[in-house]
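Observations on chain architecture
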Protein chains: 2
Amino acid sequence: MPHPRLADVKAFTFDVFGTCVDWRTSVKTALGAFIQDESTQTKFADQWRQGYIETMGRLAKTLTPDDTYPALDTIHREILDRLVVEYNLTLTSSEAEQLNLVWHRLAPWPDTPAGLARLNQHALTATLSNGSVRLLADLKRFGQLPFDVILSAELFHAYKPSPRIYQGAAKMLELKPEEVCMVAAHGRDLEAAKAVGFKTAYVHRPGEGHSSPEAVGNESYVDVSVDSIEALARLLDP
Amino acid sequence: MPHPRLADVKAFTFDVFGTCVDWRTSVKTALGAFIQDESTQTKFADQWRQGYIETMGRLAKTLTPDDTYPALDTIHREILDRLVVEYNLTLTSSEAEQLNLVWHRLAPWPDTPAGLARLNQHALTATLSNGSVRLLADLKRFGQLPFDVILSAELFHAYKPSPRIYQGAAKMLELKPEEVCMVAAHGRDLEAAKAVGFKTAYVHRPGEGHSSPEAVGNESYVDVSVDSIEALARLLDP
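Residue indices begin from 1 for each chain and proceed along its sequence in written order. As a convention, the first chain written is A and the first ligand written is 1, with the rest following in written order. Given that the model is predicted, a residue must reach a pLDDT of at least 70 before its local features are reported, and side-chain atom pairs must reach 80 or more before they are shown or counted; all residues, however, enter totals for whole chains, interfaces and linings. Hydrogens and waters are ignored; side-chain quantities use all the structure's heavy atoms.

1. What to know about helix 6 (residues 133-143) of chain B
All names here are of chain B.
- Burial of helix 6 is extensive: nine of the eleven residues sit out of reach of the surface.
- We call a residue buried when its accessible area falls under 20% of the maximum for its residue type, exposed when it is over 50%, and partly exposed in between, using a 1.4 Å probe and counting protein chains only. Starting at the N terminus, helices and strands are each numbered in turn, a helix being any DSSP run of H or I of at least four residues and a strand any DSSP run of E of at least two. Here helix 6 has its buried residues at Val133, Arg134, Leu135, Leu136, Ala137, Asp138, Leu139, Lys140 and Gly143.
- Where helix 6 terminates, the next one or two residues include glutamine 144, which has phi positive at roughly 50°.

In structure tokens:
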């Protein structure tokens with residue numbers, strides 16, 4: 001029997017970075033050509049990601065529905081150029097350009113493609129990420145992720161965790177909020193989704209989130225807590 | 001070698017109704033429970049589709065970016081209710097509701113799923129239809145159509161053949177218009193896409209379009225003319 005909290009769910013919306021793809025390992029691998037030491041690779045990758053999150057956070061405060069969605073490649077490149085100086089690396093402009101595109105070629109967590117395919121048997125699946133439509137489409141193609149629909153902050157002129165993102169997604173899927181389940185490795189995303197009435201599924205991913213898996217899994221805004229997308233799909237089995 | 005006119009194409013955007021799915025046959029089959037005569041089924045199906053196109057045409061003239069995207073199920077249902085009276089049919093409310101949902105369950109033309117899968121090896125594929133995101137997602141799921149991205153008039157608050165649709169699609173895919181190829185069985189769609197700089201592929205589908213295949217295929221706004229999506233995919237082969 002399907003998990004009682006998920007019985008009425010008709011669509012699953014997914015956070016992508018960290019939840020569906022293992023961005024840290026892919027970025028570290030790409031950095032390997034310029035940085036030998038693994039802990040330095042990790043630190044650089046984390047700072048790159050953190051810089052992006054901070055930039056998006058600043059933009060989120062000022063963005064209006066009339067504004068143009070920011071060019072994510074440009075944001076990633078500006079942070080990269082700063083870090084290259086900070087870490088005293090030597091990259092040609094063409095090497096930096098190539099390295100910057102690693103964000104379009106992030107390997108999925110091993111269970112993601114099969115987990116999504118299995119989930120597709122039960123419900124509609126969509127991305128719901130602050131990444132742009134094109135960036136998400138590239139990740140979908142690169143990782144062979146069988147999402148039905150690409151939903152992005154770009155469509156709603158807001159950023160997670162703004163309620164407009166979740167409300168906009170439910171409306172576009174022509175579903176009530178309680179018929180949609182947000183899937184994420186980050187508590188803040190789930191908390192915001194729950195606040196507008198979504199169901200929520202926490203997926204534990206190594207190195208993601210700010211709490212221990214138990215701490216997030218036990219929060220009142222978490223309906224189900226799993227350690228893979230395949231495990232989530234199994235909760236839907238008849 | 002790829003067809004020279006398609007050599008720089010990085011994404012294909014598809015008209016869906018008539019081009020990817022054989023709506024007429026699916027609707028006629030659904031009507032079979034209430035209408036015996038096949039030519040009457042055809043006439044009813046054509047009037048239903050035509051009624052929808054006319055309603056959308058009226059809406060397109062008044063729709064502004066702030067307006068809510070219209071509920072397509074409601075539009076289809078109003079036309080259906082009118083036709084039920086005109087054809088003197090007897091349907092319960094529940095039968096009419098079920099019949100109305102046929103627009104979410106339209107069988108693809110036989111070559112569409114494999115043609116799209118093959119095209120996906122070469123380029124990004126997206127719907128570009130006046131249908132809503134949810135309607136297109138349902139058709140994608142029902143017909144197992146491996147589109148990368150669902151693009152809909154709903155995202156751009158305009159309707160084909162408005163230039164805003166094609167320009168919006170290219171921008172969202174982060175491509176120049178000449179890197180996108182519109183694929184359609186209808187000349188008007190291709191003419192509008194070409195006017196903003198798209199490449200264009202005419203796919204001949206029995207019963208679609210207002211001209212003979214040759215007449216449309218030879219128009220100056222048509223870059224390539226094929227009789228299936230598989231044939232289009234073959235034009236990309238190395």
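2. What to know about the domain arrangement of chain A
All names here are of chain A.
- Entries for chain A in the domain assignment read domain 1 (11-22 + 106-235) and domain 2 (23-104).
- For domain 1 versus domain 2, the separation of C-alpha centres amounts to 23 Å.
- Taken together, the two surfaces of domain 1 and domain 2 that pack against each other cover about 1,700 Å², and 56% of this comes from carbon and sulfur.
- Counting the surface domain 1 buries against domain 2, the share from its top three residues, Leu106, His157 and Tyr159, is 38%.
- A carboxyl oxygen of Asp or Glu within 4 Å of a side-chain nitrogen of Lys or Arg is what we treat as a salt bridge. Put simply, domain 1 and domain 2 have one salt bridge between them.
- The shortest N-O distance in the salt bridge between arginine 24 and glutamate 208 comes to 4.0 Å.
- Under the rule applied, a polar contact is a pair of N or O atoms within 3.5 Å (in protein, one hydrogen donor and one hydrogen acceptor; residues adjacent in sequence only if both atoms are side-chain atoms). Run the count over domain 1 and domain 2 and you get ten residue pairs in polar contact (both at pLDDT 80 or more).
- Among the elements of the structure, helix 6 (133-143) and helix 7 (153-156) are those that each provide at least two residues to the side of domain 1 that touches domain 2. Domain start and stop positions are those given by an automatic or database domain assignment. Buried area: the accessible surface (1.4 Å probe) lost by two parts on joining, summed over both.

3. Some details on helix 4 (residues 93-100) of chain A
All names here are of chain A.
- Buried residues of helix 4: Ala96, Leu99 and Asn100, and no others. The buried residues of helix 4 all sit within an arc of 100° when viewed along its axis, so they share a single face.
- In this fold, the buried residues of helix 4 make contact with helix 1 (23-31), helix 2 (38-62) and helix 3 (72-86). The directions considered for the arc are those from the helix axis to the C-beta atoms. In this analysis, two residues are considered to be in contact whenever any of their non-hydrogen atoms come within 4.5 Å of each other.

4. Observations concerning the pattern of salt bridges
- Per the counting criterion, the structure on display carries 25 salt bridges over all chains.
- Notably, a salt bridge pairs A:Asp223 with A:Arg5, separated by 2.9 Å at the nearest N-O pair. Note that A:Asp223 is positioned in the loop between helix 10 (213-217) and strand 6 (224-226) and A:Arg5 in the segment before strand 1 (11-14), a separation of 218 residues in sequence.
- Between A:Asp148 and B:Arg141 there is a salt bridge, with the nearest N and O atoms lying 2.6 Å from each other. Separated into two different chains, A:Asp148 in the loop between helix 6 and strand 3 (149-152) and B:Arg141 in helix 6 make up a pair that spans both.
- What you see here is one network of salt bridges that share partners, running through A:Arg5, A:Lys194 and A:Asp223.

5. A short note on the pairing of strand 3 of chain A
Residue and element names in this part refer to chain A.
- The alternating pattern of strand 3 places Val149 and Leu151 on one face and Ile150 and Ser152 on the opposite face, and all of these are buried.
- A pair of strands is considered paired only if DSSP assigns at least 2 bridges between the two. Bridge count for strand 2 (residues 124-129) against strand 3 is four bridges, and the pairing is parallel. Looking across to strand 3, one finds that alanine 126 is bridged to valine 149.
- The definition of a right-handed crossover adopted here requires that, viewed with the strands pointing away, the path from the first strand over the helix to the second runs clockwise. At this point the chain moves from strand 2, through helix 6, to the parallel strand 3, and the crossover so formed is right-handed.

6. Concerning the pairing of strand 5 (residues 199-203) of chain B
Residue and element names in this part refer to chain B.
- Summarising burial for strand 5: five of the five residues are buried, a large majority.
- Where strand 4 (residues 180-184) meets strand 5, four bridges bridge the pair, whose relative direction is parallel. Counted as the bridge partner of cysteine 181 is lysine 199 from strand 5.
- Crossover strand 4 to strand 5 through helix 9 (residues 187-195) is right-handed.
- Across three bridges, strand 5 lies against strand 6 (residues 224-226) in parallel orientation. Counted as the bridge partner of valine 203 is valine 226 from strand 6.

7. A closer look at the sheet that holds strand 6 of chain A
Residue and element names in this part refer to chain A.
- Here we have six strands laid out as an open sheet, ordered 3-2-1-4-5-6, and parallel in their pairing. Two strands lie at the open edges of the sheet, namely strand 3 and strand 6, each paired on one side alone. Taking the axes of each pair of neighbouring strands and ignoring which way they run, one obtains an average angle of 25° across the sheet. The axes used here are C-alpha line fits, helices contributing only the stretch in contact, and every angle between their N-to-C directions lies in the interval 0 to 180 degrees.

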